[in-house]
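Each chain, letter by letter, is given below.
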Amino acid sequence: MELTTDSQSSEAPMITIGTLAPDFTARTTLGQRSLSDYRGRWLVFFSHPADFTPVCTSEFVTFSKLFPAFQELNCDLLALSVDSLSSHIAWVLSIKERFDVSVTFPLIEDPSMSIARAYGMLPPDALDSSTVRASFVIDPDGVIRAISWYPMSVGRSVAEILRLVTALQTSDADAVSTPEGWQSGDPAIDAAPLSLEDAINHQPSAAAPDWYFRFRDKGAK
């Protein structure tokens, strides 16, 4: 297997929101892929602890069912685990046979755990992948915009990841923020005024209860 990463350090790097996602090249169920192949599109890059496990299977079934919705957002999916390519292929076939669901996005093999370590998913001395259930939302410039981590025993909400991508795109496009529980089409939060005069002259309303909390009518993309 050919596998390259930008990080050759033995220490797990500090991966945070706003940093450039480390590039790599690896084998997948759909052929060789590099992270840089996804420049110009949004990407949800996510890992799971192991193939043929019930929580991971439930996630892959839902990711696959919602894949068209991600595609409508100009967003791709790219999955990873430390299992071998042959294991990935067998698991994908099993999901198709048992759940009648086709996994049409790539699944990376990472038996050396080098990609997982490059993304800080595992400490340098980790002996297995038991802590890996991470998700990274990466924008078209290759910048990490959101990160989430879950334990082995708790599955992710794929619908929430889809909502997160939608919210990030709306925030970028309209220069707004999104409130708790925001859904596409809901009002978004406008920037607060930057002058004392504007704050003093603010007239409270249902859409703007205070000077620092103002909904914008056009909240959807």
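Preceding this paragraph is the structure being described.
Residues numbered from 1 in each chain as written. Predicted model: local features only at pLDDT ≥ 70, side-chain atom pairs only at ≥ 80, totals over all residues. Heavy atoms only, no water.

> Would you take a moment to explain the overall build of the chain for this structure?
Secondary structure summary: the chain contains five helices and ten strands in total. Overall size of the chain, expressed as C-alpha extent along the three principal axes, is 65 × 40 × 30 Å. Taking all 221 residues of the chain together, 43% fall into the buried category. In the chain, the share of contacts with a sequence separation of at least 24, taken over all contacts with a separation of at least 6, comes to 67%. Only carbon and sulfur atoms are counted for the fraction: they give 55% of the accessible area of the chain, which is about 11100 Å². Side chains of the chain carry 16 positive and 28 negative charges; the gap between the two charge centres is 5 Å. (Helix = DSSP H or I, 4+ residues; strand = E, 2+ residues; numbered from the N terminus. Buried < 20%, exposed > 50% of the residue type's maximum accessible area, 1.4 Å probe, protein only. Contact = heavy atoms within 4.5 Å. Areas by Shrake-Rupley, 256 points an atom, 1.4 Å probe, with all protein chains shown as cover. Lys, Arg positive; Asp, Glu negative; His and termini not counted. Charge placed at Lys NZ, Arg CZ, Asp CG, Glu CD.)

> Is there a simple way to explain the nonpolar core in this structure?
The nonpolar side chains of a soluble globular protein tend to be buried with one another. By size, the foremost hydrophobic cluster in this structure holds 27 residues, and its most contacted members are Val44, Phe46, Phe60, Phe63, Phe70, Leu77 and Phe105. Sorting the residues of this core by element identifies strand E4 (42–47), helix H1 (54–72), strand E5 (75–81), helix H2 (85–99) and helix H4 (158–174) as the ones contributing at least two each. With six residues, the top contributor of residues to this core is H1. When near neighbours in sequence (up to four residues on either side) are disregarded, valine 44 contacts Phe70, Cys75, Asp76, Leu77, Leu78, Phe136, Val137, Ile161 and Val165. The next biggest cluster of nonpolar side chains, apart from the first, holds 25 residues, and it includes Tyr38, Val82, Ile108 and Ala116. (Core = buried A, V, L, I, M, F, W, Y, C linked by side-chain atoms within 4.5 Å.)

> Whenever I open this one, the side chain of arginine 156 confuses me. Can you help?
Tracing the backbone through its elements, the reader meets arginine 156 in the loop between strand E8 (144–149) and H4. On the accessibility criterion, arginine 156 (7% relative accessible area) is buried. A distance of 2.8 Å separates a polar side-chain atom of arginine 156 from the backbone oxygen of serine 47. A polar contact of 3.0 Å, which involves the side chain of arginine 156, links it to the backbone oxygen of alanine 134. Once residues within four sequence positions are removed from consideration, arginine 156 is found in contact with Phe46, Ser47, His48, Glu59, Arg133, Ala134, Ser135, Tyr150 and Ile161. (Polar contact = N/O pair within 3.5 Å; in protein donor to acceptor, adjacent residues only side chain to side chain.)

> How should I be thinking about the sheet that holds strand E6 (residues 107–109) in this particular structure?
Strand pairing in a sheet takes place through backbone hydrogen bonds and is either antiparallel or parallel in direction. An order of E6-E5-E4-E7-E8 is seen for the five strands of this open sheet, with the pairing classed as mixed. Because the sheet does not close on itself, it has two edges, and the strands there are E6 and E8. On average, adjacent strands in this sheet sit at an angle of 20° to one another, irrespective of strand direction. Sheet analysis places E5 next to E6, joined by three bridges and oriented parallel. Among the inter-strand pairings, serine 81 is bridged to a residue of E6, identified as glutamate 109. Lying on the sheet, H1 is in contact with E4, E5 and E6; it crosses E5 at an angle near 155°. Here H2 sits on the sheet and contacts E5 and E6; the angle it forms with E6, its principal contact strand, is near 150°. (Pairing = 2+ DSSP bridges. Axes fitted to C-alpha atoms, helices over the stretch in contact; angles between N-to-C directions.)

> For this particular structure, what's the right way to read the packing of aromatic side chains?
To describe a pair of aromatic rings, you give the distance between the ring centres and the angle between the ring planes. Under the criterion given, the structure shown has 16 aromatic pairs. Aromatic pair phenylalanine 213 and phenylalanine 215: ring centres 5.3 Å apart, planes at 70°, arrangement edge-to-face. Looking at phenylalanine 213, the relative accessible area reads 32%, which means it is partly exposed. Site record: aromatic cluster; members linked through ring pairs are Phe46, Phe60, Phe63, Phe67, Phe70, Trp91 and Phe105. (Phe/Tyr/Trp six-rings, centres within 6.5 Å; stacked < 30°, edge-to-face > 60°.)

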